[in-house]
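Reading the structure
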Amino acid sequence: MSTVWEDNYSYTARNVRPSPVREMLAVIKQPGMISFAGGMPAPEVFPVDKFYEGAHVLKDDGKNLLQYGTTEGYAPLKEFLASFTAERMGRTVATDEMLLTTGSQQALELFASALIDRGDFVVTENPSYLAALTTFYNHGAQFLGIPTDNEGMKVDLLPGVIEKARAEGKKVKFIYTIVNFHNPGGSTMSLERRKKLVEISQRYDIPIFEDDPYGYVRYEGDHLPSIFSFDDKGGTLYAGSFSKILAPGSRIGWVTGNKEIIRKMVVFKQAADLCSSPICQSLVYEYCRKGYLSEHLPVIIETYRPKRDKMEECLQKYLAPYGVSWVKPEGGFFFWLDMPGIDSRELFKKAVEKKVAFVVGTPFCVDEAAGIDKARLNFTFVQPDVIEDGISRLAEAIGEMKA
Ligand code: PMP
């Protein structure tokens, strides 16, 4: 066997972890499988015709769009976003306070490049978004996980955690938080905690990465102002995405923040991919410019809310009797189940035999133990008429484990 690769792998490559979700998605692609596993939007809400309507931009401006674009992003789309997000951000941000990225996943990568040195610590909710944990881990980060409740991260615990870490000589580089309809936890950070988090960030000089791909997918209640809007010192970077409000295939996200950090991320993006696709950016802009995005949001919300409600009704009926509980998500894509006494990895095996799939809790947690009796269920991708069948199969699997 050739050692030419083995001997030459980087330190990171030797330690890299494949995404358990992506690997699992392959396993569960069997006929008849009801999958609550992925985190995908429902294809039936993709606005194919309206999106296609913008294809004329290739004729109108093809000579520019087929060329390399600027690293910072397609200016008209940035201007649209500055005004679209103004309410949430507390003001209309300047275009040099914004960078368009290849999905918000790239924002995580660029931010990690800009901030993390091997051995640094990152504060996250525990559980947290798997691919963010992996990105930070690949850059050499270690984690300080903060538990959550129905108001999001328990920010009151932060000063103690930060002070202890610092006393032990640990460098705490940033706080990563998913403020709205957490993936996987489902909770939304309360207004009070948002303000408190900014206060803590400023007190300890630790910046915040506010990840908000689901924020506009709210099924009830009022939208809350972003953490960014409370941060008068510029220490918060906000990341948004078109993946959940339009289409993940667009691969367009954005970050808003202080010019200094944006500039650093631009320099890393120059090396990462030169620029995001001008064609995609202009197609997305064309769609948004016509007001279609604002018309489309209610369609998404009206499609997903009944699915969420149906799933919750079934969870109450079939899983609550086993002591399973959850935070009701006011928006977003997921239920996070707390299943005392049930090992989700064992449950997964039984569930797959019964042709229902979900994601086990462990990979979302910074300490695996915290995730053993947890499971993430997605409700946006499945058709509403299979939700009951899927949840009752899960209950059967739990019943057999308890027997
Ligand atoms: N952050 C969170 C919390 C997510 O759930 C996701 C996608 N599932 C992303 C970032 C990345 O999304 P994208 O790159 O498609 O914008």
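In the annotation of an unreviewed UniProt entry, the entry for the protein chain reads Transcriptional regulator, GntR family, and the organism field reads Dethiosulfovibrio peptidovorans DSM 11002. Its UniProt record gives the protein chain the following Sequence similarities (unreviewed entry) comment, quoted word for word: "Belongs to the class-I pyridoxal-phosphate-dependent aminotransferase family."

So, about the site of the ligand. Every one of the 13 residues lining the ligand counts as a neighbour, but Ser104, Asp211, Tyr214, Ser241 and Ser243 are closest to it. Here Gln105 contributes a backbone N or O atom positioned 2.9 Å from an oxygen atom of the ligand. Relative to its unbound accessible area of 400 Å², the ligand is 91% covered by the protein chains. Each residue belonging to the shell around the ligand can be placed in one class, and the counts come to four nonpolar, six polar and three charged.

Moving on, we come to the packing of helix H14 (residues 344–353) against helix H15 (residues 384–402). Where H14 contacts H15, the two axes come as close as 9 Å, and the packing angle between them is 120°. When the axis of H14 is compared with that of H15, the two are oblique. Classified by chirality, the crossing of H15 by H14 is right-handed. Contacts between H14 and H15 involve Glu346, Leu347, Lys350 and Ala351 from the first element and Leu394, Ala397, Ile398, Glu400 and Met401 from the second. Per-class residue counts for the contact of H14 with H15 are six nonpolar, no polar and three charged.

Thresholds applied
- Residues numbered from 1 in each chain as written.
- Predicted model: local features only at pLDDT ≥ 70, side-chain atom pairs only at ≥ 80, totals over all residues.
- Heavy atoms only, no water.
- UniProt positions renumbered as here; feature names shortened; annotations may be inferred.
- Near = heavy atom within 4 Å.
- Polar contact = N/O pair within 3.5 Å; in protein donor to acceptor, adjacent residues only side chain to side chain.
- Areas by Shrake-Rupley, 256 points an atom, 1.4 Å probe, with all protein chains shown as cover.
- Nonpolar A, V, L, I, M, F, W, Y, C, P; charged D, E, K, R; others polar.
- Axes fitted to C-alpha atoms, helices over the stretch in contact; angles between N-to-C directions.
- Helix = DSSP H or I, 4+ residues; strand = E, 2+ residues; numbered from the N terminus.
- Parallel < 35°, antiparallel > 145°, perpendicular 65-115°, else oblique.
- Left-handed = near helix turned anticlockwise from the far one by under 90°.
- Contact = heavy atoms within 4.5 Å.

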